[in-house]
Amino acid sequence: MSEAELSGDMTDGFHLVVDALKLNGVDTIFGVAGIPITDLLRLAQNEGIRYIGFRHEQQAANAAAIAGYLTGKPGICMTVSAPGFLNGVVGLANATTNCFPMILISGSSDRNIVDLEQGDYEEMDQLSVARPHCKAAYRVNRPQDIGVGLARAIRAACSGRPGGVYLDLTAEVLGSALDAETGRKSLIKVVDPAPASPAAAESIDRAIELLANAQRPLVILGKGAAYARADAEIRSFIETTGIPFLPMSMAKGLLPDDHEQSAAAARSYAIGNADVVMLAGARLNWLLSHGRAPLWNANTKFVQVDISPTEIDSNRAIAAPVIGDIKSVFTAFNAALKGKIKRQGPWMDEIGKRRQQNVERMAARLNADPNPMNFSSALRAVRNALATQPDVYIVNEGANTLDFGRNIIDMDKPRHRLDSGTWGVMGIGMGYAVAAAAVTGKPVVAIEGDSAFGFSGMEIETICRYDLPVTTIIFNNNGVYRGDPEGMPYTPTGLLRDAHYEKIIEAFGGKGYHCTDTPSLTAALTEALASGKPALINAVIDPTAGTESGHIQSLNPKSAAAQKK
Ligand code: ADP
Ligand code: TZD
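J.: Could you give me a rundown of the sheet that holds strand S16 (residues 444-449), with the residues and numbers involved?
T.: Pairing within the open sheet is parallel, and its 6 strands lie in the order S15-S14-S16-S17-S19-S18. Strand pairing shows two members of the sheet lacking a second neighbour, strand S15 (417-419) and strand S18 (511-515), which therefore form its edges. Between one strand axis and the next, the sheet turns through 15° on average, direction left out of account. Note: strand S14 (residues 393-397) against S16, 5 bridges, orientation parallel.

J.: Break down the site of ligand 1 for me, citing the residues and quoting the values.
T.: Among the 21 residues in the neighbourhood of ligand 1, the closest are listed as Arg161, Lys223, Arg283, Asp306 and Ile326. In the environment of ligand 1, an oxygen atom lies 2.8 Å from a nitrogen or oxygen atom belonging to the side chain of arginine 161. In the environment of ligand 1, an oxygen atom lies 2.7 Å from a nitrogen or oxygen atom belonging to the side chain of lysine 223. Contact with the protein chains covers 96% of the free accessible surface of ligand 1, which is 580 Å². Across the shell around ligand 1, the residue classes break down as 9 nonpolar, 7 polar and 5 charged.

J.: With reference to specific residues and values, describe the site of ligand 2.
T.: Of all residues adjacent to ligand 2, which total 17 residues, the nearest are Asn400, Thr401, Asp450, Ala452 and Tyr481. Between ligand 2 and methionine 426, the relevant distance is 3.2 Å, taken from a nitrogen atom to a main-chain nitrogen or oxygen of the residue. Between glycine 479 and ligand 2, the recorded distance is 3.0 Å, taken from a backbone N or O atom to an oxygen atom. Mapped onto the shell around ligand 2, the elements with two or more residues apiece are helix H17 (400-408) and helix H19 (450-454). Residue contributions to the shell around ligand 2 peak at 3 residues, all from H19. Tallied by class, the residues present in the shell around ligand 2 amount to 8 nonpolar, 8 polar and 1 charged.

J.: Outline a nonpolar patch on the surface, supporting the account with residue identities and numerical values.
T.: A contiguous nonpolar patch, built from Trp286, Ile552 and Leu555 and spanning about 270 Å² of accessible area, is present on the exposed surface. Among the structural elements, tryptophan 286 can be located in the loop between strand S11 (276-280) and strand S12 (301-306). Assessed through its relative accessible area of 30%, tryptophan 286 is described here as partly exposed.

J.: Pulling in residues and values, what's your account of the packing of helix H10 (residues 201-212) against helix H14 (residues 326-337)?
T.: Where H10 meets H14, the closest approach of the two axes is 10 Å, and the angle between their N-to-C directions is 60°. The orientation of H10 relative to H14 falls into the category oblique. H14 is crossed by H10, and the crossing has right-handed handedness. On the side of H10, the interface is formed by Ile204, Ala207 and Ile208, while H14 contributes Val329, Ala332, Phe333, Ala336 and Leu337. Residue composition of the contact of H10 with H14, by class: 8 nonpolar, no polar and no charged.

J.: Describe in detail the pattern of salt bridges, supporting the description with residues and values.
T.: Applying the stated criterion across every chain, the model contains 21 salt bridges. Two residues, glutamate 350 and lysine 353, come together in a salt bridge whose shortest N-O distance is 3.3 Å. Of this pair, glutamate 350 and lysine 353 both sit in helix H15 (residues 345-367), 3 residues apart, roughly one helical turn. On the basis of relative accessibility, which here comes to 48%, the residue lysine 353 falls in the partly exposed class. Residue aspartate 419 is joined to arginine 417 by a salt bridge in which the shortest nitrogen-to-oxygen separation is 3.1 Å. With respect to burial, aspartate 419 and arginine 417 carry one shared label: buried. Members of the salt-bridge network, linked through shared partners, are Arg55, Glu461 and Arg465.

J.: Go over helix H7 (residues 146-158) with me, naming the residues and quoting the values.
T.: In this model H7 runs 18 Å from its N-terminal to its C-terminal C-alpha over 13 residues, within 8% of the 18 Å that 1.5 Å per residue would give. The element H7 is extensively covered by neighbouring structure, given that 10 of its 13 residues are classed as buried. By the burial criterion, the buried members of H7 are Ile146, Gly147, Gly149, Leu150, Ala151, Ala153, Ile154, Ala156, Ala157 and Cys158. For H7, the elements touching its buried residues are helix H1 (13-23), strand S5 (102-108), strand S6 (136-140), strand S7 (164-170), helix H8 (171-175) and helix H9 (180-186). Looking at the residues trailing H7, positive phi occurs at glycine 160, about 55°.

J.: Explain the side chain of serine 308 residue by residue, including any values.
T.: Its place among the elements puts serine 308 in the loop between S12 and strand S13 (320-323). Leaving out residues up to four positions away in the same chain, serine 308 has contacts with Arg161 and Ile323.

J.: A description of the packing of H1 against helix H2 (residues 38-46) should follow, citing residues and the corresponding values.
T.: Running from N to C, H1 and H2 point in directions that differ by 45°, and their axes come no closer than 9 Å. One finds that H1 runs oblique with respect to H2. Judged by the twist between their axes, the crossing of H1 over H2 is right-handed. Across from Phe14, His15, Val17 and Val18 in H1, the residues of H2 making contact are Asp39, Leu40, Leu43 and Ala44. A per-class count over the contact of H1 with H2 returns 6 nonpolar, 1 polar and 1 charged.

J.: Give a description of unusual backbone geometry that names residues and reports values.
T.: Look at the link from isoleucine 35 to proline 36: it is a cis peptide, with omega at 5°. With respect to the helices and strands, proline 36 occurs in the loop between strand S2 (28-31) and H2. Despite not being glycine, glutamate 117 has its phi angle at roughly 50°, a positive value. With respect to the helices and strands, the residue glutamate 117 is situated in the loop between helix H5 (111-114) and helix H6 (126-130). For glutamate 117, a relative accessible area of 68% translates into the label exposed. If you check the backbone angles, serine 289 has positive phi at about 50° while not being a glycine. If you trace the backbone, serine 289 turns up in the loop between S11 and S12.

Definitions and cut-offs
- Residues numbered from 1 in each chain as written.
- Chains lettered and ligands numbered in written order.
- Predicted model: local features only at pLDDT ≥ 70, side-chain atom pairs only at ≥ 80, totals over all residues.
- Heavy atoms only, no water.
- Pairing = 2+ DSSP bridges.
- Helix = DSSP H or I, 4+ residues; strand = E, 2+ residues; numbered from the N terminus.
- Axes fitted to C-alpha atoms, helices over the stretch in contact; angles between N-to-C directions.
- Near = heavy atom within 4 Å.
- Polar contact = N/O pair within 3.5 Å; in protein donor to acceptor, adjacent residues only side chain to side chain.
- Areas by Shrake-Rupley, 256 points an atom, 1.4 Å probe, with all protein chains shown as cover.
- Nonpolar A, V, L, I, M, F, W, Y, C, P; charged D, E, K, R; others polar.
- Patch = residues over 30% accessible without salt bridge, like charges linked within 9 Å, V, L, I, M, F, W, Y side chains within 5 Å.
- Salt bridge = Lys/Arg side-chain N within 4 Å of Asp/Glu carboxyl O.
- Buried < 20%, exposed > 50% of the residue type's maximum accessible area, 1.4 Å probe, protein only.
- Parallel < 35°, antiparallel > 145°, perpendicular 65-115°, else oblique.
- Left-handed = near helix turned anticlockwise from the far one by under 90°.
- Contact = heavy atoms within 4.5 Å.
- Expected span 1.5 Å × (residues − 1).

The values are spatial; any link to function lies outside them.
What follows is the structure, encoded as structure tokens:
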């Protein structure tokens, strides 16, 4: 389809969607083709928008979600109706849960048939299904409303707390004609979709005062702080005040992990002993034990910087809420400091001592070279290959692979670590990897548990089709969490023994590696990164390594009826 095919001075829904996307600077679409969006995707590509076609909508939607996080603009995913849409909803909900801006645009079947449940092809009331899983959901019923529909979707995705937005485009709207002039005038270029929202001056003063009176202050940086792109302001605040900081997983690299004020290697001590904690773009959810004992002290007071007012007091009382965007808030903090917050030497010294002890304890485990490899030794091999590659984006999912990976792989740059996030979800791996490579043009290393990889493994073909610089490393211990002992029938957590995952990528022309020791793993990753080509490393590790559910074993329900021994 091209402009020339339109008759006279007419336009149609297909063209208006593409024109509206281009007008708003959308340069990439992730999706899966089919009725009723195939021509729309073709037109978008012909009109200069990059289209990245996936094998499954969940991955396309996850790709859009992480593209939103990485660019600060809503990532766009397009799907077909009903089942394709539903596949995409997982990514839509994941984006909303993680506060990433993305828009899921799905074609839908004819309203007059769907609404009377007359059994259309891929029939579903998609708008109602999407609504609980996103920040906002809109349907466009007339071609002249396409512009307004997209504008509303962009604003909803980006402003305030970012999130997923659903935009329903009926097949009828896509095919509808409109005179070109009316169409052009109906489009909206969104001005300032994520306006700065400075905090009230008294909330800034209240927070500074609380921190100034603290003996053992701590800043916890979350991925909202990373998303806010206030890197310089946050660093200046931390370094000027001398307050130790703890990065949440995706905030690693906001300040480098080897920064002398990082309390990451003394996490429990710092959290348990802080008298005032400032949460910056981090929720006090399960990832922070809801602010409860035994990790947390009941007397700790909180400052919370967040763009969402309803986040405050969600789990613990917040003594000093600061509602605003982190860039504006930290700019205001820095202006208000004027030497009011003094360095707390003894507190920093104590944290430093604990950190040193923990690093030494970890070093013994990290430097061991067991045969077969375990999580620590294999990750050390990966870390060694990454040591001279600060530009690499890391994707990480699994249970033990995630827990160990978060601790062992240091980050130097902000927004370079992308992982299972707020849900602890499996299946983000290849979608995130494709998007990270596509929108940044930088190399990506996806560190995957073998179970985790399986959720999106077919996207290896997508990686090869677009020749993306993605190296996937599979920590292969033959199981969910860990592998079965030889001989027994496969248990619910068992996966095929001796699986040769490296052959998957060979089928698509990529390079496969089979590594059973640390030198070969470091060498394979070094070679793969140097090639800039798709690669997959099957890192064979001890099936008995790791623990069930990784670090969150305690979340498995226990029978209250079971007898205590
Ligand atoms: P983590 O998992 O890293 O702890 P969360 O996803 O729990 O982080 O928290 C992110 C928080 O950041 C959310 O509460 C969200 O409202 C907030 N947030 C997102 N963007 C901004 C911003 N620009 N300024 C302030 N807060 C933000
Ligand atoms: N399904 C989804 C969508 N998300 C999940 N988190 C799970 C299932 C449950 N689950 C985990 O929480 S971790 C995990 C599953 C299936 C996989 C762990 O095995 P792995 O990693 O091989 O990926 P490790 O490193 O061997 O532990």
